[in-house]
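Given next are the chains, with one letter for each unit.
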Amino acid sequence: MSTHEAAGTAANFIPAHEPAANTAPLPGAGAWQSIVSDVSSDQRVFKGVPWGKPMMWIFLLSDTFIFGSFLISYMTVRVSTTLPWPNPSEVFGLTLFGRSVPLLLIAIMTFDLISSSGTMALAVNYGYRRDRKTTFALLVATAALGATFVGMQAFEWTKLILEGVRPWGNPWGAPQFGSAFFMITGFHGTHVTIGVIFLVIVALKVRRGDLDQERPGFLTGRKGNYEIVEILGLYWHFVDLVWVFIFAFFYLW
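Here the structure is a predicted model, which is why all the values come from computation and not from measurement. (Residues numbered from 1 in each chain as written. Predicted model: local features only at pLDDT ≥ 70, side-chain atom pairs only at ≥ 80, totals over all residues. Heavy atoms only, no water.)

> So what about the overall build of the chain? Which residues, and what values?
Within the chain, the regular secondary structure consists of 9 helices and 2 strands. Carbon and sulfur atoms form 68% of the exposed surface of the chain, whose accessible area is close to 15,200 Å². (Helix = DSSP H or I, 4+ residues; strand = E, 2+ residues; numbered from the N terminus. Areas by Shrake-Rupley, 256 points an atom, 1.4 Å probe, with all protein chains shown as cover.)

> Outline the confidence of the model for the chain, supporting the account with residue identities and numerical values.
Close reading of the predicted structure is inappropriate where its pLDDT is low. Put simply, the chain has an average pLDDT of 82, and 78% of its residues get 70 or more. When the elements of the chain are averaged for pLDDT, helix α1 (residues 3-12) gives the smallest value, 47, and helix α6 (residues 132-162) the largest, 95. For residues 6-21, every residue scores under 50 in pLDDT, and the model assigns this stretch 2 contacts once sequence neighbours within four places are set aside. (pLDDT = per-residue confidence, 0-100. Contact = heavy atoms within 4.5 Å.)

> Could you give an account of the pattern of salt bridges, with specific residues and numbers?
Under the definition given, this model contains 2 salt bridges. Linking Glu 230 and Lys 53 is a salt bridge whose minimum nitrogen-to-oxygen distance equals 3.6 Å. Here Glu 230 is found in helix α9 (residues 227-251), whereas its partner Lys 53 is found in helix α3 (residues 52-80), with 177 residues between them in sequence. You can call Lys 53 partly exposed: its relative accessible area is 25%. Across the salt bridge formed by Lys 159 and Glu 163, the nearest N and O atoms sit 3.1 Å from each other. For Lys 159, a relative accessible area of 19% corresponds to the buried category. (Salt bridge = Lys/Arg side-chain N within 4 Å of Asp/Glu carboxyl O. Buried < 20%, exposed > 50% of the residue type's maximum accessible area, 1.4 Å probe, protein only.)

> Describe empty space enclosed by the protein, with residues and values.
Under the definition given, this model contains 1 cavity of 30 Å³ or more. Roughly 50 Å³ of volume is contained in the largest cavity. Considering the residues around the largest cavity, the lining is formed by Val 91, Phe 92, Gly 93, Leu 94, Leu 105, Ile 106, Glu 156, Lys 159 and Leu 160. Counting residues per element, the lining of the largest cavity draws most heavily on α6, at 3 residues. Looking at the lining of the largest cavity residue by residue, the classes come out as 6 nonpolar, 1 polar and 2 charged. (1 Å grid on protein atoms, 1.4 Å probe; cavity = no way out; pocket = protein on both sides within 12 Å on 5 of 7 lines; lining within 4 Å. Points joined across faces, edges and corners; volume = space filled by probe spheres on them. Nonpolar A, V, L, I, M, F, W, Y, C, P; charged D, E, K, R; others polar.)

> Please give an account of the side chain of Thr 81 that cites residues and values.
Of note, Thr 81 is situated in the loop between α3 and α4 (88-91). Classification of Thr 81 by relative accessible area gives buried; the value is 18%. A polar side-chain atom of Thr 81 sits 3.4 Å from the main-chain amide nitrogen of Leu 83. If sequence neighbours within four positions are ignored, Thr 81 has contacts with Ala 174 and Gln 176. (Polar contact = N/O pair within 3.5 Å; in protein donor to acceptor, adjacent residues only side chain to side chain.)

> Describe the layout of surface pockets, and please don't skip the residues or the numbers.
Counted as a void, the second largest pocket has a volume near 200 Å³. Together, Thr 64, Phe 67, Gly 68, Leu 71, Ile 72, Met 75, Phe 238, Leu 241, Val 242, Phe 245 and Phe 249 line the second largest pocket. When residues of the lining of the second largest pocket are traced back to their parent elements, those giving at least two are α3 and α9. With 6 residues, α3 is the single largest residue contributor to the lining of the second largest pocket.

> Before we move on, can you summarise the packing of aromatic side chains with the specific residues and values?
Counting across every chain of the model gives 23 aromatic pairs. Between Phe 67 and Phe 187 the ring centres are 5.0 Å apart and the planes differ by 55°, which places this aromatic pair in the tilted class. Residue Phe 67 is found in helix α3, and its partner Phe 187 is found in helix α7 (residues 176-208); the two are separated by 120 residues along the sequence. Given the relative accessible area of 5%, Phe 67 is considered buried. Looking at Phe 187, the relative accessible area reads 25%, which means it is partly exposed. A cation over a ring is seen here: Arg 78 above Trp 253, with NZ or CZ 4.7 Å from the ring centre. Above the ring of Tyr 126, the side-chain terminus of Arg 129 is found at 4.7 Å from the ring centroid. (Phe/Tyr/Trp six-rings, centres within 6.5 Å; stacked < 30°, edge-to-face > 60°. Lys NZ or Arg CZ within 6 Å of the ring centre and 35° of its normal.)

> So what's going on with the side chain of Asn 170? Which residues, and what values?
By the element assignment, Asn 170 lies in the loop between α6 and α7. Classification of Asn 170 by relative accessible area gives buried; the value is 12%. Polar contacts involving the side chain of Asn 170 include one to the main-chain amide nitrogen of Trp 172, which spans 2.8 Å. Here Gly 173 takes part through its backbone nitrogen, which lies 3.2 Å from a polar atom of the side chain of Asn 170. Every residue in contact with Asn 170, bar those within four places of it in the chain, is listed here: Pro 86, Gly 164, Val 165, Pro 175, Phe 177 and Gly 178.

As structure tokens, this is what we get:
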């Protein structure tokens, strides 16, 4: 057998080339590769991308679930209790000149918090105009209105505690009223208090010019960018919106 014939015979035993197993690209592999590339990129790639607002929106979404659970639980208890539920108009009324005015304090608290939402919106507007003085004044006004709300809520708590309301009972009927009241209003009041603290911090930074000079520190952000004011505004508007639902479900029902 010649060399040429031997080569041809050997070629007959060599299998045809077949594509290697699992070499075909998976559906959507390009999209996943892009996501992995983005996530594993150096932080300099995202240096100009604002991350504060998406993070705040995620936080507010989670907080929405918590407040929603509280209100749904309150409504469930309210409709299922066998004992009479206290009348909010009587429980939350104030006596003026010998007459009981129903929901007077709650109405003032609601007006106060809604007004603070307006000053916060103006603060965001003037912040993006780089008007430091006006932004500072509006942030301080918002903080003052928020602190006033917390003070009135403390007065409301003190009044009801002195009248005998406890988390495990109250003198007017269903014992679940006390636990629902202290849990819902207390959780919301904590949010308002935290908001007031951050309002004061950001107001001081605006006044010192930290947002214009990109001075290193807490809540400073990028140079010349007042985005932190807008992020704080998102939080504050959320707190105000939650109070509208609490006012409707707890005090008016």
